[in-house]
Amino acid sequence: GAVVSQHPSWVICKSGTSVKIECRSLDFQATTMFWYRQFPKQSLMLMATSNEGSKATYEQGVEKDKFLINHASLTLSTLTVTSAHPEDSSFYICSAQSRRQGGSYNEQFFGPGTRLTVL
Amino acid sequence: KNQVEQSPQSLIILEGKNCTLQCNYTVSPFSNLRWYKQDTGRGPVSLTIMTFSENTKSNGRYTATLDADTKQSSLHITASQLSDSASYICVAGDSNYQLIWGAGTKLIIKP
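Bear in mind that the values here come from a model prediction, so they are computed numbers and not experimental data.

The rules behind each value
- Residues numbered from 1 in each chain as written.
- Chains lettered and ligands numbered in written order.
- Predicted model: local features only at pLDDT ≥ 70, side-chain atom pairs only at ≥ 80, totals over all residues.
- Heavy atoms only, no water.
- Helix = DSSP H or I, 4+ residues; strand = E, 2+ residues; numbered from the N terminus.
- Rg over C-alpha atoms; globule rule 2.2 N^0.38 Å.
- Buried < 20%, exposed > 50% of the residue type's maximum accessible area, 1.4 Å probe, protein only.
- Contact = heavy atoms within 4.5 Å.
- Areas by Shrake-Rupley, 256 points an atom, 1.4 Å probe, with all protein chains shown as cover.
- Lys, Arg positive; Asp, Glu negative; His and termini not counted.
- Charge placed at Lys NZ, Arg CZ, Asp CG, Glu CD.
- Patch = residues over 30% accessible without salt bridge, like charges linked within 9 Å, V, L, I, M, F, W, Y side chains within 5 Å.
- Salt bridge = Lys/Arg side-chain N within 4 Å of Asp/Glu carboxyl O.
- Pairing = 2+ DSSP bridges.
- Axes fitted to C-alpha atoms, helices over the stretch in contact; angles between N-to-C directions.
- Buried area = accessible area lost by both parts, 1.4 Å probe.
- Polar contact = N/O pair within 3.5 Å; in protein donor to acceptor, adjacent residues only side chain to side chain.
- Disulfide = S-S within 2.5 Å.

(A) View of the overall build of chain B. Assigned secondary structure in chain B consists of zero helices and eleven strands. Secondary structure elements in chain B, listed N-terminal to C-terminal, are β-β-β-β-β-β-β-β-β-β-β. Taking 13 Å as the expected radius of gyration for a compact globule of 111 residues, we find that chain B reaches 13 Å, a close match to that expectation. The principal-axis extent of the C-alpha atoms belonging to chain B is close to 40 × 25 × 20 Å. Here chain B holds 111 residues, and the buried ones make up 44% of them. Sequence separation of 24 or more characterises 55% of the internal contacts of chain B that already satisfy a separation of 6 or more. Entry remark: accessible area of chain B is about 5,400 Å², with carbon and sulfur atoms responsible for 48%. Of note, chain B has its 10 positive side-chain charges centred 7 Å away from the centre of its 8 negative side-chain charges.

What follows is the structure in C-alpha cells.
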C-alpha cells in the first residue's frame, strides 16, 4: 500500500515552454501533497505544500507564478513549470501525506521523481 | 536555527560488512526522526520513523537509534549488500509537522 506515482518520469523541453508534472496517490487519499526539487548531490528542498481544494503554500524564495500547483482531488496534484529556463532543470519529487491516526506525526510517501531538462 | 547534520558525507565498504551512519540534529520543538534511503534518480523510501520517546527501531538489516537527550541518531546496516548502495537521508520532524532534511550520506558497497 501507500504508492505514489509521478508522470512523466523524465521530460526534455525547450526554453520558454511550460511543463506539467502529475503526482497521484494510487491506493490512499491524500489531503496534503508536497512538491520538492533536488539538485545534484544535494538533499530535497521543499517547494510548496498543496492541500486539496485550496491554494498551495509556497516556501520562501519559490515563485508561485512560475511553479503553478493544482490539487484538484484527493489523489491528484499537478505542478506546472511555466516558461521553463535551463536553471529550472532539476529533479522534482512529490510526496503524499497519510495521517497516522492518533499519532504525533504524518508519514509522507514519495513518488519516483521527474527529471526535467530544459534546453 | 533548525538543522540536521550527517556524517560521513560518503562511505565505501565491502559487501557483507556492517556500517553505521550518524545524524545530529538541532530541531525544536522536536517530534520525530526519520531515515530514508534514496537510490540515484529515484524518490526517497522510508526506512524508519521514531518518535522522541523511542530509542531504537529496526527494519530488516537496518537498525536506527535515537538519543533525544544528546540529539543524535544513527543508522546501522548489517551484512551490507550491493543493493544497499544509495544515499541515506536523516530527517527531523518538529511538532508543527515541518521536516528538516539532512544532506545525506552516500554509501557505496563494493563487491
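(B) The arrangement of a nonpolar patch on the surface in detail. Taken together, the side chains of Trp10, Ile12 and Leu119 of chain A make up a nonpolar region of the molecular surface, amounting to roughly 390 Å² of accessible area. Mapping Ile12 of chain A onto the fold places it in strand 2 (residues 10–13).

(C) Layout of the sheet that holds strand 7 (residues 67–73) of chain A. Residue and element names in this part refer to chain A. If you trace the four strands from one edge of the open sheet to the other, you get 1-3-8-7, paired in antiparallel fashion. Single-partner strands in this sheet number two, and they are strand 1 (4–7) and strand 7. In this sheet, neighbouring strand axes are inclined to one another by 15° on average, regardless of whether the strands run parallel or antiparallel. Pairing of strand 7 with strand 8 (residues 76–81) involves five bridges; the strand directions are antiparallel. From the neighbouring strand, Leu68 faces strand 8, where its bridge partner is Thr80.

(D) Inspection of the interface of chain B and chain A at higher detail. Listed per partner, the contact involves 18 residues of chain B and 15 residues of chain A. It is Ile49, Tyr97 and Trp101 of chain B that lose the most area in chain B upon contact with chain A, and together they represent 32% of the buried surface on that side. Where chain B meets chain A, there are zero salt bridges. Linking chain B to chain A there are three residue pairs in polar contact (both at pLDDT 80 or more). The set of elements that each furnish at least two residues to the side of chain B that touches chain A consists of strand 4 (30–38), strand 5 (45–51) and strand 10 (99–101) of chain B. With five residues, strand 4 of chain B is the largest single contributor of residues to the side of chain B that touches chain A.

(E) Representation of the environment of Ile21 of chain A in the model. All names here are of chain A. Within the fold, Ile21 resides in strand 3 (residues 19–25). You can call Ile21 buried: its relative accessible area is 0%. Distance from Ile21 to Met47, taken between C-alpha atoms, is 14 Å for residues 26 residues apart in sequence. Apart from the residues lying within four places of it in its own chain, the contact partners of Ile21 are Gln6, His7, Pro8, Trp35, Ser77, Thr78, Leu79, Tyr92 and Thr114.

(F) Up close: the environment of Gly16 of chain B. All names here are of chain B. Position of Gly16 relative to the elements: it lies in the loop between strand 2 (10–14) and strand 3 (19–26). In the structure, Gly16 is positioned 23 residues away from Asp39 in sequence and 19 Å away in space, judged by C-alpha atoms. Each residue touching Gly16, except ones within four places of it in the same chain, is listed here: Ala79 and Ser80.

(G) Expanded view of the state of the cysteines. All names here are of chain A. One pass over the full model with this rule turns up two disulfides over all chains. For Cys23, the disulfide goes to Cys94, at an S-S distance of 2.0 Å. On the sign convention where negative means left-handed, the S-S torsion of about 80° between Cys23 and Cys94 marks this disulfide as right-handed. Placement of the pair is Cys23 in strand 3 and Cys94 in strand 9 (residues 90–99), with a sequence separation of 71 residues. Exposure remark for Cys23: the relative accessible area of 0% places this residue in the buried category. Here Cys94 falls in the buried class, since its relative accessible area comes to 0%.

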